[in-house]
Structures are given as structure tokens and as C-alpha cells.
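As a plain string of letters, each chain reads:
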Amino acid sequence: MYAERAYDINPGQALVLYTNYACPFCAGLYEATSEVEVVTRILLVDNRSDRFATQDVVSPYMLRLSRVDEDGFIRMQAVLYGSQDEWTGLSDGEVLAWLNRQSGQTWSAGELAAELDELEELENEAPKSLLHVPTLYLNDNKIL
């Protein structure tokens, strides 16, 4: 059964979606289900290279943004999924500057440390059946 966690975005929904903003399959699912209410959990993908190289910046950034600017988070989520080819090749510093320009924030990498710690905790607490993103659960039962 769903149990709320501190790292949940949009808590209290029956559907829990594990996602990552660099994942092209997650972007496709986002487009197909943008009207569906889900709890979002941002999973840090083990392979932190290639298109996932900046996820230690993007993922905590989005978790923090979800807490301080809900409208900005919704807008940035669409921007990230819609322009993956633009930002997935950037360095950590470049992607942070890009995120700040897009969102209007002025955060530094150090300001995202607590959120990165939370997302690393999510990795440890993820269901054993979670092998990739996107994965969708309904009451702890994997449905996608």
C-alpha cells in the first residue's frame, strides 16, 4: 500500500511513477499521461554517464523546485522532457546555469545537497521489482 515519503512529488495519489528527466522513455510516458495524477519519484539511474551524466544536478534541482514553486516545477518538467537533446549533453555547471535561466532560480550545486541525499535514500528504498524507468505502481503493484 502507498506510504508517503519525504521525496514524493504530488503525494497522496494512488499511482506512483518512478522517472528520470534524462530518460527518453520517461519523456514519452509523460507526453502520453500528462493529465494523469501521479506521485512522482525521481530515480537516480545507476549508469551516471552519457545522457544521465547530469542527473545528480537535474534530479535534486527538480525535487527542490517542486517544493518552492509548484507552477515552476510543472513548467520545468515539460521543458526538461521536451528538450532532452538540448541539455543532456551539458556539463554539471552548464546544466545548472541552464536550469536557473529556465526556472528563474539562482541555486548553486551546494544548495541541492540535501535533495540529492533524499534521492539517494529513494534509491535504497525503491521496490525490488523496480528495474528501470519509467515504472508505474498502483498500491505497490507494478503495472508498467
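Residues numbered from 1 in each chain as written. Predicted model: local features only at pLDDT ≥ 70, side-chain atom pairs only at ≥ 80, totals over all residues. Heavy atoms only, no water.

Caption draft 1: Seen up close, the pattern of salt bridges. Counted by the stated rule, this structure contains 5 salt bridges. For Asp 56, the salt bridge goes to Arg 48, with nearest N and O atoms at 3.5 Å. Of the residues examined, Asp 56 reaches a relative accessible area of 28% and is grouped as partly exposed. Judged by relative accessible area, which is 31%, Arg 48 ranks as partly exposed. For the salt bridge of Glu 123 with Arg 48, the shortest nitrogen-to-oxygen distance reads 3.1 Å. Placement of the pair is Glu 123 in helix α6 (residues 113–125) and Arg 48 in the loop between β2 (39–42) and α2 (55–68), with a sequence separation of 75 residues. For Glu 123, a relative accessible area of 25% corresponds to the partly exposed category. Salt bridges here are not isolated pairs; linked through shared partners, they connect Arg 48, Asp 56 and Glu 123. (Salt bridge = Lys/Arg side-chain N within 4 Å of Asp/Glu carboxyl O. Buried < 20%, exposed > 50% of the residue type's maximum accessible area, 1.4 Å probe, protein only. Helix = DSSP H or I, 4+ residues; strand = E, 2+ residues; numbered from the N terminus.)

Caption draft 2: A look at the sheet that holds strand β3 (residues 135–138). Taken together, 4 strands build an open sheet; the order of strands is β2-β1-β3-β4 and the sheet is mixed. Among the strands making up the open sheet, the edge pair consists of β2 and β4 (141–142). Of the pairings in the sheet, the one linking strand β1 (residues 15–19) to β3 comprises 4 bridges and is antiparallel in character. Looking at β3, one finds that Leu 15 is bridged to Leu 138. (Pairing = 2+ DSSP bridges.)

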